[in-house]
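# Summary of the model geometry
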Amino acid sequence: MRVPVFWLRELVDDLPDVETLAQGLTMGGLPVEGVEVFGEGVRGVVAGRILELRPLPGSEHLQVCRVDRGGVVPVEIVTGAPNVAAGQTVPVALPGSVLAGGRRMGAAEFRGVRSEGMLCSAVELGISTMEGDGLLVLPEPVEPGTDLGNLLHLGEKILELELTANRSDCLSMAGVAREVAAIFGCPLRLPSAEVEEGEEEAGDLASLVVLDPDGCPRYVARLLLGAAPGPSPLWMQQRLRAAGLRPITNLVDVTNYVMLELGQPLHAFDLDRLAGQRIVVRRAGMGETLVTLDETERRLDPTDLVIADAERAVAVAGVMGGAGSEISAGTRRVLLESACFNPTLVRRTAKRLGMRSEASSRFERGVDPNLQALAADRAAQLMREVAGATVARGRLDFYPVPVPPRRIEVRAARVNALLGTTLSGEEIAGCLKRLVGVTVSEQAEGVYAVTVPTYRRDLEQEVDLVEEVARLQGYDAIPSTLRPGLSVEPPRTDRQRVEERVRQALMASGLSEAVTSSLVARDNLQLWGVPEGSPLSRAVELMLPLSEGQAVLRTSLLPSLGEVLRRNLSRRLTDVRIFEVGTVFWPQGEGELPREPRLVAGLLTGQVGGGEWWSTRRTADFFDAKGAVEAFLSALGIAGYEFRPATRAGFHPGRCAELVVDGEVAGVVGEVHPEVQAALEAPDRVAVFEVNLEVVGRAAVEPLAFRPLPRFPAVGRDLAFSLPADVTARAVEAAIREAGGELLEQVRLFDVYTGGNLPAGRRSLAFALSFRAPDRTLTDTEVDAVVAGVVNRLEQNFGARLRR
């Protein structure tokens, strides 16, 4: 919201200086993001009247203007402005003057003609960014030679407010003025609307029907006759420019002006272009279209609220008008719309059509349902003044359920309890009475009834009034105190404890945690080769997505990690080791909420190792991903798990395994398919895993608080077995642990060998076994007996032969 200070002075007396004003508004809850200077640095620009003009010899678009600059001999100035005409009064920058950006003017020569300065546009004066095609033509006579600094408000300050969504009342000069009056105690002078009406009745000229009172709880129309379209007065144009809008014509400018002044969006229709001189507020018909003011044909939806005449839609309610009923140079009769529309409908339609406007931004936040009549009267008053229109008697007004002011009870004790203050009831009541339109009456000792005007939509309950007391009293006046009682960290749930142990284990394994959005594109799984019929391809769709890239809720974490990888690769970071713990959403049956399991997923690619003198650099692969999974399973105390060869979409057919925990499939680990790797533009293999934490959480055991260090040494044995090639190392390890009994402390596979002197169809697996007793040093005899049992078990179970 842009707030021209020179306009604010018209509404508030005794306005403080700009620095104090900005500080006070910021501390009062209306943050001032910046202060802009209107026409900064421009000086020496005067009014000039164009007496005559002639073409510049040898040029097709340049003209020589003879300009009266006031009291001296006229000068000649060359210009290429397309809208220049004799008789115009325009800004003239003579030699020595300075334009926007510090551009200093001097005389110049064009094809032998000396040009004594420049005729200026609004852009060159630094007062607009949207009017660079032509001269700024002053709409009323100004004495040639008059310095335009004061007339154009050059050098005035403009405040840029960053308003929160709940303060829609401050999207207007009147709203900001009310806040300034409350914060600084300044006298307030809000605009009034005293309309002088003609003889003809509005109800005889047009009719109004509202078919959707939920979408349009109030609609007010004013009728104006005999309007004369033309430029609006300079004071109005400058206020519009300072607020960031472009002046168009007096009739349209009045609607924009009143919107900025009071916060009520308005729209002006050419009454003679409305079929049947009738306004119908309804939903759009199936397949109905409308050409809007930007000359674009819009296909409407039955959920869209439209303004129609007796035959067709003429505007998208609260968003934009239609080209078929717009104000033109031939307009003489005007129907002025001032309405209150359902914010949700306006937001949905504006989002779907991709049409955001100053009006829609206000309707989306909600406008005061009791403001429409005042705004219509104010606009009618101004149209009478600036366009010579006659205002028809009365209004067309649909307001079946008037909205009364809200009544809220506030307790002084509650205010002090929440703020940590010791304010008296009178001080609290005094703060609230500073709010314009608010009335306060004492119901009982320390209890007050507060009546809130309908434009303060953010004040709904007692705690909202407590916040008003805080900001008007001054946040710096609230003492810094600790709330009574001990600050105790709430206990973590079982799920949170499991996730924290998983995070710690993965970070200890060298992975970094990533956090990505739950909203993804509809085709996010296509790159991973997931077929359309797969359950993962069924996703929960958003009704109003912010963008195509955030249209559905994710069903897997891997595509999001893939995007993180691509972003890193685009920045030449090729060694990536990341994981994420997050929620996915799996749709259920019709009418049921989706399941929301928590998963952990990881991705590793590039080079690993080589950070120490004893290790070498190598490319991350399946076993690195598997090792990361085993690391967090170990941290959870889970021993009953195994990896089974598997085939999954998007994974390498020979480097993929399912994780099975206590007989239940918990996840997958493997390398991505070469086609997926190519789509990710990854130069090296990409190893990933994705595990359901609900499954592993059920098997997790609480970590031991303390385990004493062993007092007796371990005894090691390395055993190599020749086994059938289809026997998995996991099955062999499980058999070794079972046969080893309590004395077997650790089993580790350290070598896999094929070929050589081994028979076809067999391979060698070598294991390092560690034995230890808690109460004594084991003898060779004891260890040999256990080893013999292990060898015997493997011979029986797998046909293994011990290699010597």
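Presented here is an overview of the structure given in this document.

What counts, and at which threshold
- Residues numbered from 1 in each chain as written.
- Predicted model: local features only at pLDDT ≥ 70, side-chain atom pairs only at ≥ 80, totals over all residues.
- Heavy atoms only, no water.
- Helix = DSSP H or I, 4+ residues; strand = E, 2+ residues; numbered from the N terminus.
- Rg over C-alpha atoms; globule rule 2.2 N^0.38 Å.
- Buried < 20%, exposed > 50% of the residue type's maximum accessible area, 1.4 Å probe, protein only.
- Contact = heavy atoms within 4.5 Å.
- Areas by Shrake-Rupley, 256 points an atom, 1.4 Å probe, with all protein chains shown as cover.
- Lys, Arg positive; Asp, Glu negative; His and termini not counted.
- Charge placed at Lys NZ, Arg CZ, Asp CG, Glu CD.
- Pairing = 2+ DSSP bridges.
- Axes fitted to C-alpha atoms, helices over the stretch in contact; angles between N-to-C directions.
- Salt bridge = Lys/Arg side-chain N within 4 Å of Asp/Glu carboxyl O.
- Disulfide = S-S within 2.5 Å.
- Polar contact = N/O pair within 3.5 Å; in protein donor to acceptor, adjacent residues only side chain to side chain.
- 1 Å grid on protein atoms, 1.4 Å probe; cavity = no way out; pocket = protein on both sides within 12 Å on 5 of 7 lines; lining within 4 Å.
- Points joined across faces, edges and corners; volume = space filled by probe spheres on them.
- Nonpolar A, V, L, I, M, F, W, Y, C, P; charged D, E, K, R; others polar.
- Expected span 1.5 Å × (residues − 1).
- Arc of directions from axis to C-beta.
- Parallel < 35°, antiparallel > 145°, perpendicular 65-115°, else oblique.

### Notes on the overall build of the protein chain
When helices and strands are counted, the protein chain shows 19 helices and 42 strands. In summary, the protein chain has a C-alpha radius of gyration of 39 Å against a globular reference of 28 Å for 804 residues, an excess of more than 25%. Burial statistics for the protein chain: of 804 residues in total, 49% are counted as buried. If you take every contact in the protein chain between residues at least 6 apart in sequence, the share linking residues at least 24 apart comes to 70%. Accessible surface for the protein chain amounts to roughly 38,500 Å². Of this, 49% is attributable to carbon and sulfur atoms. Averaging the positions of the 87 positive and the 108 negative side-chain charges in the protein chain gives two centres separated by 5 Å.

### Digging into the sheet that holds strand β11 (residues 157–161)
Taken together, three strands build an open sheet; the order of strands is β1-β11-β2 and the sheet is antiparallel. Looking at the sheet topology across the chains shown, the edges are occupied by β1 (2–4) and β2 (32–37). Taken over all neighbouring pairs, the strand axes of this sheet differ in orientation by 25 degrees on average, direction set aside. Direction of pairing for β1 relative to β11: antiparallel, over a ladder of three bridges. Pairing of P4 across the sheet is with I158, part of β11. Sheet strands in contact with helix α2 (residues 18–27) are β2 and β11, and its direction is about 10 degrees off that of β11.

### A look at the pattern of salt bridges
Following the criterion strictly, the structure yields 56 salt bridges and no others. In this structure, the salt-bridge partner of D309 is R312, at a minimum N-O distance of 2.6 Å. Residue classification places D309 among the buried positions, given a relative accessible area of 3%. With a shortest N-O distance of 3.1 Å, E694 and R595 are connected by a salt bridge. Placement of the pair is E694 in helix α17 (residues 693–699) and R595 in the loop between β31 (576–583) and β32 (598–605), with a sequence separation of 99 residues. A relative accessible area of 33% means that E694 is categorised as partly exposed. Salt bridges sharing common partners tie together R167, D169, E179, R456, D458, E468 and R471.

### Here we look at the environment of V502
The residue V502 is located in helix α13 (residues 494–508) in this model. Remark: the alpha-carbon pair of V502 and F632, spanning 130 residues in sequence, is separated by 5.1 Å. In contact with V502, not counting residues within four places along its chain, are V600, F632, L636 and L693.

### Regarding the state of the cysteines
Summed over the entire model, instances satisfying the criterion amount to zero disulfides. C340 forms no disulfide, and the closest cysteine sulfur to it belongs to C216, at a distance of 7.4 Å.

### Looking at the pairing of strand β3 (residues 43–55)
By the bridge criterion, six bridges tie β3 to strand β6 (residues 89–99) in an arrangement that is antiparallel. Paired with V45 across the bridge in β6 is A93. Of the strand pairs in this sheet, β3 and strand β4 (residues 63–68) are connected by six bridges, and their pairing is antiparallel. In the sheet register, P55 faces β4, and the bridge partner there is Q63.

### Focus on the side chain of T79
With respect to the secondary-structure elements, T79 resides in strand β5 (residues 75–79). In this structure the side chain of T79 is engaged in a polar contact, spanning 3.1 Å, whose partner is the backbone nitrogen of A81. Among residues more than four places away in sequence, those in contact with T79 are H61, L62, Q63, C65, V84, L119 and L135.

### Observations concerning the sheet that holds strand β16 (residues 278–283)
Here we have five strands laid out as an open sheet, ordered β13-β16-β19-β20-β21, and mixed in their pairing. Edge positions in the open sheet fall to β13 (207–210) and β21 (320–321), since each of these has one partner strand only.

### A word on unusual backbone geometry
For Q277, which is not glycine, the phi dihedral falls at a positive 45 degrees. Considering the arrangement of structural elements, one finds Q277 in the loop between β15 (266–270) and β16. For Q277, a relative accessible area of 24% corresponds to the partly exposed category. Positive phi is not limited to glycine here, since E295 has a value of about 65 degrees.

### Digging into the layout of surface pockets
Each pocket or cavity is described by its volume, and for the largest pocket that value is around 1,400 Å³. Looking at the largest pocket, it is lined by 37 residues, and the ones nearest its centre are K626, E630, F643, R730 and E733. Within the residue set of the lining of the largest pocket, elements represented by two or more residues are α15 (622–635), β35 (641–645), β36 (651–661), α18 (729–740), β40 (744–753) and β41 (762–771). Split into classes, the residues belonging to the lining of the largest pocket amount to 19 nonpolar, five polar and 13 charged. Of the voids in this model, the second largest pocket is the one considered here, and its volume is about 910 Å³. Forming the boundary of the second largest pocket are 34 residues, of which I248, V252, N256, H267 and L293 lie nearest the centre. Ranked by the residues each element gives to the lining of the second largest pocket, the list is headed by helix α6 (residues 250–262), at four residues. A per-class count over the lining of the second largest pocket returns 19 nonpolar, 10 polar and five charged.

### Some remarks on empty space enclosed by the protein
Applying the stated criterion across every chain, the model contains one cavity of 30 Å³ or more. In this structure, the largest cavity occupies an estimated 50 Å³ of space. If you trace the largest cavity, you find it lined by R167, D169, G175, R178, E179, L435, V436, V438, Y455 and R456. Here the lining of the largest cavity is built from residues that sort into four nonpolar, one polar and five charged.

### Overview of α18
Along its 12 residues, α18 runs 16 Å from first to last C-alpha, staying within 8% of the 16 Å computed at 1.5 Å per residue. Along α18, the residues classified as buried are V732, E733, A735, I736, A739 and G740. Angularly, the buried residues of α18 cover 160 degrees about the axis, an arc narrow enough to put them on a single face. At its buried positions, α18 is contacted by β39 (715–724), β40, β41 and α19 (780–798). Looking at the residues trailing α18, positive phi occurs at G741, about 70 degrees.

### Details of the packing of helix α11 (residues 425–433) against helix α12 (residues 462–473)
At a closest axis distance of 9 Å, the pairing of α11 and α12 adopts a crossing angle of 90 degrees. Classed by the angle they form, the pair α11 and α12 counts as roughly perpendicular. Judged by residue contacts, I428, C431 and L432 of α11 engage L465, E468, V469, L472 and Q473 from α12. The residue makeup of the contact of α11 with α12, split by class, is six nonpolar, one polar and one charged.

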